[in-house]
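Take a look at the letters that make up each chain.
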Amino acid sequence: MKFKLVALYAILTVVAVAHASAPKYVFYFIGDGMGMGHIMAAQSYNREVLKSNQPLLMMQFPVVSMVTTYSASGRVTDSAAAGTALSAGYKTNNGMLGVTPDSVPVTSVARYLKDAGWGVGIVTTVAPDDATPGAFYANQPSRSMAYEIDKQMAISGYEFVAGSKLRGTKDKKGNYTDIYSHFAKNNVAIARGFDELKGIDSKRVLLLNTDSLDSNCGYTIDSIKGVLNLPGMTRACVNHLLKHSPERFFMMVEGGNIDYAGHSNDGGAVVKEILNFNQAIKIAYDFYLAHPDETLIVVTADHNTGGLAVRFGDMSLVDCQRMSKDQFGNYTKAILNSRRIYTWNDMKAELKALFGFWDKIQISDAQEKNLIEKFDNTFKMRNSADQKTLYNSFNEFSVEVFKIIDNKTGFGWVATGHTGDPVPLFAIGVGAQSFNGIKDNTQIPQIIKSLTLE
């Protein structure tokens, strides 16, 4: 009898372990461009300025690892190749989305789970047809094929997709396409902003920004009124999936503006975007606390953008920055385009108001002389050599302003593009231990599949 009881206990234990190893709710967070230096910059601000005695939430997760990111075409990946690896587990060439280097379509983990009866949500602070979100539902030889990517989004069957705007609404000649009709044919309700979302009861929803702010929702540091934000979209997605697929669901949540800020070498914007990303993770973590035996949370990045490092400096000066580098660059371009007479004293007042120069951030005589020289070259002689980045270009005066901010706050950059450095991985919940040890980005979706589908 004792042997039978022991045997029965062993069987029940195996069954319990097997059941516990199958999460019903999976949250997959991707910080676009988020290297460890970016996280440490945000953590330094968290500790030194916010006076928190707890690290950022992702840094408290029990599983911490590292991920290699190279693509099939080189040591430095772009977001399309990295997105394909993170979504489907295949290496491909830079620029290719959801296909192998020879253009054979591959299947994302989101698609596998949807076909197995799971609800699926895709959330991003950039365009929902951009490379990372697109890799979870599209298969195209080029990430630039926005119209074709949008058509695949429309027929995906995914319950919830959210982001800034669709890029396939116009063709290369600037003519409007019929893309919205494809969403209508597939019973996808389109909401513009959180207020409009409240009045929609459709099973399938596409949530877009209330206006067309370039191809992202706007930086956290710019505090643009009324735009979508990552925590809000994450919460809306959770609520929608709980309503329409309460038994099991998968969510991919991308902090896309981290990458934009990295390309611009804007450390203050990076810090605020990662704190915003952390708030979105907190929503998933609260869900995990309510469902600890059914939830898996994985946090990683597609690549490192800018190679940010934390140097000596005063992190509290981040709060003096009231405008992103992109917004400031656009502001100075508007001055140039207006042909208005703009004096150094005008700009000096703006630098005080926007960045705390000569107030919180002390400017030496030599620095002011250099700023005046850059100002004259840019606004008087109009002979500025622009710094070109992936999403923007900056006149030499804007570049100089942010060099001063970097030196004061302690941000160091090695590039305005991507780097080949490994990126961090954090995990908690059912099956989290499977992510221990150094991984390649192709292994992450394979592990999620093995935990959920086998």
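Notes on the structure in this doc start here.

Under the defined criterion, the tally for this structure stands at one cavity of 30 Å³ or more. Space inside the largest cavity adds up to approximately 40 Å³. Looking at the largest cavity, the residues that line it are D32, S79, V126, D130, A131, T132, R143, E254, D259, Y260 and Y391. Secondary structure elements with two or more residues in the lining of the largest cavity: helix 5 (131-134) and helix 10 (257-263).

The next subject is the nonpolar core. Grouped together as the largest cluster of nonpolar side chains are 101 residues, with contacts concentrated most on F27, F29, F250, V299 and F435. Ignoring any residue separated from it by four or fewer positions in sequence, one finds V299 in contact with F29, M34, M58, F61, F277, I281, P424, L425 and F426.

Within the secondary structure, V161 sits in strand 4 (residues 160-162). Given a relative accessible area of 4%, V161 falls into the buried group. It is 8.0 Å that separates the C-alpha atoms of V161 and C237, two residues lying 76 residues apart in sequence. Filtering out sequence-adjacent residues up to four positions away, V161 remains in contact with I122, P128, M153, V205, L206 and L207.

To continue, consider helix 6 (residues 146-155). Looking only at helix 6, the buried set comprises A146, I149, D150, Q152, M153 and A154. In this structure, the buried side of helix 6 is in contact with strand 4, helix 7 (179-185), strand 5 (188-192) and strand 6 (204-208).

Here we take up the sheet that holds strand 1 (residues 25-31). Across the sheet, which stays open at both edges, the 10 strands sit in the order 5-6-4-3-7-1-8-15-2-16 with mixed pairing between neighbours. Of all strands in the sheet, those bounded by a partner on one side alone are strand 5 and strand 16 (439-440). Across the sheet, helix 9 (residues 230-244) touches strand 1, strand 3 (119-124), strand 4, strand 6 and strand 7 (249-255), and the angle it forms with strand 7 is around 170°.

To continue, consider the side chain of H303. Relative to the helices and strands, H303 is located in the loop between strand 8 (295-300) and strand 9 (304-305). Relative accessible area serves as the criterion here: at 0%, H303 is assigned to the buried category. In terms of polar contacts, H303 uses its side chain to reach the side chain of T305, at 3.2 Å. Among residues more than four places away in sequence, those in contact with H303 are D32, G33, M34, G35, T69, T77, D78, S79, D259, H418 and V423.

Further remarks concern helix 3 (residues 79-88). Counting buried residues in helix 3 gives 10 out of 10 residues, a clear majority hidden from the surface. Turning to helix 3, its buried residues are S79, A80, A81, A82, G83, T84, A85, L86, S87 and A88. Looking at the packing, one finds that the buried side of helix 3 touches strand 1, helix 4 (109-115), helix 5, strand 8, strand 14 (418-419) and helix 16 (443-453). Between the side-chain oxygen of the N-cap and the backbone nitrogen of A80 there are 3.3 Å, and the N-cap of helix 3 in question is D78. Remark: G89 follows helix 3 within two positions and exhibits a positive phi of approximately 85°.

At a minimum axis distance of 8 Å, the contact between helix 9 and helix 11 (residues 267-290) shows a crossing angle of 25°. Taken together, the axes of helix 9 and helix 11 are roughly parallel relative to one another. For the crossing formed where helix 9 meets helix 11, the hand is right-handed. For the pair helix 9 and helix 11, the contacting residues are L230, P231, T234, R235, V238 and L242 in the first and N276, F277, Q279, A280, I283 and F287 in the second. Partitioned by chemical class, the residues of the contact of helix 9 with helix 11 number eight nonpolar, three polar and one charged.

A separate point is the packing of helix 12 (residues 325-338) against helix 15 (residues 396-409). The N-to-C vectors of helix 12 and helix 15 enclose an angle of 145°; their axes lie 9 Å apart at closest approach. For the pair helix 12 and helix 15, the crossing hand works out as right-handed. Judged by residue contacts, K325, F328, G329 and T332 of helix 12 engage F397, S398, V401 and F402 from helix 15. Each residue belonging to the contact of helix 12 with helix 15 can be placed in one class, and the counts come to four nonpolar, three polar and one charged.

Moving on to unusual backbone geometry. Of note, N187 is a non-glycine position whose phi angle comes to about 55°, a positive value. Looking at the secondary structure, you find N187 in the loop between helix 7 and strand 5. A positive phi is found at N265, a non-glycine position, where the angle reads about 55°. Within the element layout of this structure, N265 appears in the loop between helix 10 and helix 11.

Calculation criteria
Residues numbered from 1 in each chain as written. Predicted model: local features only at pLDDT ≥ 70, side-chain atom pairs only at ≥ 80, totals over all residues. Heavy atoms only, no water. 1 Å grid on protein atoms, 1.4 Å probe; cavity = no way out; pocket = protein on both sides within 12 Å on 5 of 7 lines; lining within 4 Å. Points joined across faces, edges and corners; volume = space filled by probe spheres on them. Helix = DSSP H or I, 4+ residues; strand = E, 2+ residues; numbered from the N terminus. Core = buried A, V, L, I, M, F, W, Y, C linked by side-chain atoms within 4.5 Å. Buried < 20%, exposed > 50% of the residue type's maximum accessible area, 1.4 Å probe, protein only. Contact = heavy atoms within 4.5 Å. Pairing = 2+ DSSP bridges. Axes fitted to C-alpha atoms, helices over the stretch in contact; angles between N-to-C directions. Polar contact = N/O pair within 3.5 Å; in protein donor to acceptor, adjacent residues only side chain to side chain. Parallel < 35°, antiparallel > 145°, perpendicular 65-115°, else oblique. Left-handed = near helix turned anticlockwise from the far one by under 90°. Nonpolar A, V, L, I, M, F, W, Y, C, P; charged D, E, K, R; others polar.

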